[in-house]
Amino acid sequence: MGIGELDREAHVPEVTGVAAAPRTLAEALRARGDEGLATLLRARPDLLSPVPNDLTQLATRAGTRGSVVRALERLDRFALQTAEALAVAQDPAPYPVLLALLTGDEGDAEIEAALPGAVALLREQALVWGEDDRLRLVRTARELLAPSAQHPSPTGLGPTVAEATSGMSPGRVQEIIAAAGLPTTHDPVSAVAALTGLFTDRDRMGSLLDTASPDALSVLDRLVWGPPYGEVTAKPAAPVQWLRDHGLLLPVSARTMVLPREVALHLRGGRAHRAPEPLAPVPGVLREYRPQVVDSAAAGQAQLALATVEELLKSWDRGGPPVLRAGGLSVRDLKRTAVALDVSEETAAFWLELCYGAGLLASDGEADERYAPTPAYDDWLDLPPAERWALLVTPWLTATRTPGLAGGQDTKGRTLSVLGPDLDRSPAPEVRHRVLGLLATLPPGSSAEPESLFARLRWERPLRGASAAEESGDLRSRLARWALAEAELLGLTGRGALSGPARALLNLPLAEAASAGALGGGVELSVAAGRAATLLAPLLPEAVDHVLLQADLTAVAPGPLSRPLADALAVLADVESKGGATVYRFTPGSVRRALDSGQTATDLHEFLKSHSRTPVPQPLAYLIDDVARRHGHLRVGAASAYVRCDDDTVLGEILVDRRSSSLGLRRLAPTVLAAQTDPTSLLDGLRSMGYAPAAESTTGDVLITRADAYRTGARKAPVPVPDGPPAPDTTLLGAAVRAIRAGDRAATAVRKEPAAPTAAGALPRTSAAETLATVQAAAMTGSAVWIGYVNAEGGASQRVIAPVRVEGGFVTAYDHTADEVRTYPLHRITGVAELADDQV
């Protein structure tokens, strides 16, 4: 900080050869370099919205409750314990006092080694300021962390003697110090000071406790680590009465006593925390595998993920389940989806949310709203498998939607539905990234012991646990547990260990990951996803172009089928079982489906012959010919509906069949029956009776039912709910620091006193001639001046400018406030004043 530099409130006196200690947070920030300010703004991006005008405004904003709460939530456990210890120490607190509160009387080498880093982190984030001999916790942070009856401190400490006796009568205070063996005083202040001195004197306090009974000491033991409050009866027991008489318990109300902070610290041996945690827990290794085994297992899961997504969306090709009135999918439809995919409901919820988050699934927006694939799904299907996988895992990494919450309840007791509202949890992306990052710190091929992983996450963000009232337990641990399971389903991990493609996705070294830091490393996620897809592609099984036909009317696909073959076979046969080899079964219904799509029996025979490595079995050939012979023998059209057939005997059989009674059939002609139902229901009814009718158009032509899919309109993937402002990039940080510095120079510049003093904060006032002469002189000498300026909207401001040119009623100058060259009309300058000599 410059010798003559000021804060707005006070002038810092010049001390030759000695840098003045900061007296406010603004002064402490002013003493930082540009890199220090950039580090603060990077750690607390909420301070940049909008960019502060100067350092005083930055300091004010850094002390607001919302910003401090957000900063505290991002502290690790030891940094938070350090801040909590400062909150129970005197203000300001010397470094040795803080160290004693964390190490206690016996000392702790690990804490002594870790404490400088914790203090530096708190300083860096502007939660603590001042030199080591006068450490100050930001006032708002002290209010949040200091013990109180309404908000107990994690330290378990209670109020100080001074705080606990603030409402006590002077006579009662004198009685307490007399019972403690202290001389009475003439005023309560000195009496409280004497009692505090007794409780903080280890020798005298030890002598006092030596006179206490074992029962009294037992009472203290129950209160020493918190909570420090206890209820007493109107006539307390003798041990409690003795503690009360000697001030070791002080009354808060008629029935409540509290253990003073000084007494608790003596009993604890000086420790503010029962168990300080200076070192982060290290995730343990559960099992070790060869990296090749991990990559193979992960690739298998990736292939299964692609097949599952495709199967799910293909089953909704003609329109999926309806959307609930409140949004989301019903429990019944979720169960049906789980049965169709042969997975649990929790896993089905994950696949649905994954498709939704990737933009492959959405509601159609119609009056009777239903879910259906989006047009992006068709584009996704045309991509190579590795690229399709990358388009699934990339949005998963950044998604805030949390399918694990589905089935639970919100704060109003309403059930949370899959694909519905209120499933966003902003910490989810951070937790996913951190879980994968911690897995990357293990040796390649190693899986983590889950509980040690969760312990590390709790240490890193102890305040970011349950963030919603309806969620019991540690939300961060639950998110981590879900992240581990979902990463395994997606093939980012294999057998619990991070795969090679996942390391590329996170932009981490493929062989060495011990120094894994922030994910992304400045590389865009899309670029990293491309690298991951490149690594995954050779690990995925190649698509096959053939099947093995069996005599039991089944076909076995020995691997993933190529896209045209898979689509054609899905029309001709039904999937019977999935796994390493998919089994398809041919049925009369599946063959009729292929004929309805416009193919002939000859086409089907040729298709099977060309794509089977085994001869076409005779039963399958007979099945195709038999269904084709009867296909289209009956024709259904619209009357309401009608059936026509060249063979009147067949129509007679239908009329006398009891199963046709619900169709309301009657004969119009020997070869025509009319129905009381629509054509679709008539088709379904006749097929259920064992016939193979074909639909026809109004011109009598057979209608071909192609496998065209229903799609929603163009839909965008859901936008993640941000967890606070986005992290600023280097360019924005540099511009913000320059703007804050420039504004601070203008705000703290020392001006010469004008001949006619102006009120504090008022714009300078000079005549037009004086203004012109002063800026012309400044332009000739290259000096800076202080001006008052009113813009075209009437907004007034004070600026420090260095005039470069004065002509035509305008002054062109370098504006230190805006950190750029600007031109100002002279008639809008209210006045001008020269800067003090030490500011020139």
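See above for the structure.
Owing to the predicted nature of the structure, the values given are computational and were not obtained by experimental measurement. Counting of residues starts from 1 at the beginning of each chain's written sequence and follows it residue by residue. In view of the model being predicted, local features appear only for residues whose pLDDT reaches at least 70, and side-chain atom pairs are presented and counted only at 80 or more, with totals across whole chains, interfaces and linings using the full set of residues. Side-chain calculation: all heavy atoms of the structure are included, whereas hydrogens and water are not.

**Q** Looking at this structure, how should I read the overall build of the chain?
**A** Working definition: helices are DSSP H or I runs of at least four residues, strands are E runs of at least two. Numbering for both runs from the N terminus. Helix and strand counts for the chain come out as 33 helices and 25 strands. Throughout, exposure labels follow a simple rule: accessible area from a 1.4 Å probe, protein chains only, divided by the maximum for the residue type, with under 20% read as buried, over 50% as exposed, and the rest as partly exposed. The 840 residues of the chain split such that 47% are buried. The criterion used for residue contact is that any of the two residues' heavy atoms lie within 4.5 Å. Long-range pairs, those at least 24 residues apart, make up 65% of the contacts in the chain between residues at least 6 apart in sequence. Computed with a 1.4 Å probe, the accessible areas rest on the Shrake-Rupley method; for each residue, only the protein chains presented here act as cover. Just so you have it, the chain exposes about 39900 Å², and 54% of that area is on carbon and sulfur atoms. Under this rule, positive means Lys or Arg and negative means Asp or Glu; His and the chain ends count for nothing. Note on charges: their place is set at NZ of Lys, CZ of Arg, CG of Asp or CD of Glu. Counting 83 positive and 101 negative side-chain charges, the chain places the centres of these two groups 3 Å from one another.

**Q** What am I meant to see in the packing of aromatic side chains here?
**A** Two numbers describe a pair of aromatic rings. These are the distance of the centres and the angle of the planes. Any two of the Phe, Tyr and Trp rings considered here, Trp counted by its six-membered ring, make a pair once their centres fall within 6.5 Å; the pair's planes then place it as stacked at under 30 degrees, edge-to-face at over 60, or tilted in between. Under the criterion given, the structure shown has three aromatic pairs. The interplanar angle of 55° and the centroid separation of 5.1 Å between the aromatic rings of Phe350 and Trp351 together place this pair among those described as tilted. With respect to class, Phe350 is no different from Trp351; both count as buried. Judged by centre distance (4.8 Å) and plane angle (70°), the ring pair of Tyr789 and Tyr824 falls under edge-to-face. Placement of Tyr789 in strand β21 (residues 785-790) and of Tyr824 in strand β24 (residues 820-825) is noted, with a sequence separation of 35 residues between them. Accessibility expressed as a relative area gives 12% for Tyr789, which makes it buried. Consider the ring centre and the ring normal. A charge sits over the ring if Lys NZ or Arg CZ is within 6 Å of that centre and within 35 degrees of that normal. One Lys or Arg, Arg388, reaches over the ring of Trp380 and ends 5.3 Å from the middle of that ring.

**Q** It is not clear to me how the sheet that holds strand β12 (residues 548-549) should be interpreted in this structure. Could you clarify?
**A** Note: strands within a sheet are paired through backbone hydrogen bonds, in either parallel or antiparallel orientation. Taken in spatial order, the four strands make up an open sheet running β12-β13-β15-β14, and their pairing is antiparallel. Pairing within the sheet leaves two strands with one partner each, and these edge strands are β12 and β14 (574-577). A pair of strands is considered paired only if DSSP assigns at least 2 bridges between the two. Relative to strand β15 (residues 582-585), strand β13 (residues 554-557) runs antiparallel, the two sharing four bridges. Of the residues in β15, the one forming a bridge with Thr554 is Arg585.

**Q** What's the story with the nonpolar core in this structure? I'm lost.
**A** Generally speaking, nonpolar side chains in soluble globular proteins are found buried as a group. Among the buried residues, those of types Ala, Val, Leu, Ile, Met, Phe, Trp, Tyr and Cys that are joined through side-chain atoms within 4.5 Å form a nonpolar core. Among the nonpolar cores identified, the biggest contains 88 residues, and Leu29, Leu41, Leu58, Leu195 and Phe199 are the most heavily contacted of them. With eight residues, helix α5 (residues 77-88) is the single largest residue contributor to this core. Residues in contact with Leu29, not counting those within four places in the same chain, are Leu37, Leu40, Leu55, Leu58, Ala59, Ala126 and Arg741. In terms of nonpolar packing, the next biggest core, distinct from the first, is built from 64 residues, Trp316, Leu354, Leu439 and Ala532 among them.

**Q** I keep staring at the pattern of salt bridges and nothing clicks. Help me out?
**A** Opposite charge on two side chains lets them pair, provided their charged atoms get close. Definition used for salt bridges: Asp or Glu carboxyl oxygen within 4 Å of a side-chain nitrogen of Lys or Arg. This structure, assessed with the given rule, holds 35 salt bridges. For Arg261, the salt bridge identified is with Glu163, shortest N-O distance 3.6 Å. Here Glu163 lies in helix α9 (residues 161-164) and Arg261 lies in helix α15 (residues 261-267), a separation of 98 residues in the sequence. For the salt bridge of Glu460 with Arg434, the shortest nitrogen-to-oxygen distance reads 3.0 Å. Placement of Glu460 in helix α22 (residues 450-460) and of Arg434 in helix α21 (residues 428-440) is noted, with a sequence separation of 26 residues between them. Classification of Glu460 by relative accessible area gives buried; the value is 10%. Residue classification places Arg434 among the partly exposed residues on the basis of a relative accessible area of 22%. Salt bridges here are not isolated pairs; linked through shared partners, they connect Glu310, Lys314, Arg388 and Asp567.

**Q** Which parts of the structure should I look at to understand the sheet that holds β21?
**A** Taken together, the five strands give an open sheet; going across it, the order is β24-β23-β22-β21-β25, and neighbouring strands pair in antiparallel fashion. Only two strands of the sheet have a single partner each, and these edge strands are β24 and β25 (829-834). With direction set aside, neighbouring strand axes in the sheet form an average angle of 45°. The pairing of β21 with β25 spans five bridges and is antiparallel. All axes are obtained by fitting lines to C-alpha atoms, using only the stretch in contact for helices, and the reported angles, taken between N-to-C directions, cover 0 to 180 degrees.

**Q** Is there a simple way to think about the side chain of Asp317 in this case?
**A** Assignment of secondary structure puts Asp317 in the loop between α16 (291-315) and α17 (331-341). Setting aside residues up to four positions removed in sequence, Asp317 forms contacts with Pro373, Tyr377, Ala709, Tyr710 and Arg711.

**Q** Just to check I follow, could you spell out unusual backbone geometry for this structure?
**A** Excluding glycine, residues mostly carry a negative phi; peptide bonds, for their part, are mostly trans. With an omega of -5°, the peptide bond running from Ser49 to Pro50 counts as cis. One can find Pro50 in the loop between α2 (34-43) and α3 (55-62). Cis peptide bonds are those with omega within 30 degrees of zero, and the linkage from Gly226 to Pro227 qualifies with -5°. Residues other than glycine seldom take positive phi values, yet Asp342 does so here, at roughly 60°. Tracing the backbone through its elements, the reader meets Asp342 in the loop between α17 and α18 (345-357). The phi angle at Leu419 is positive, at roughly 65°, despite the residue not being glycine. If you trace the backbone, Leu419 turns up in the loop between α20 (385-398) and α21. We classify Leu419 as buried; its relative accessible area is 7%.

**Q** Teacher, can you tell me more about a negative patch on the surface here?
**A** Each patch is built from residues that are more than 30% exposed by relative accessible area and take part in no salt bridge. Like charges join if they lie within 9 Å; nonpolar side chains (Val, Leu, Ile, Met, Phe, Trp, Tyr) join within 5 Å. Taken together, the side chains of Asp646, Asp647, Asp648 and Glu653 define an acidic patch exposed on the protein surface. Note that Asp648 resides in helix α30 (residues 648-656). The class of Asp648 is partly exposed, set by a relative accessible area of 38%.

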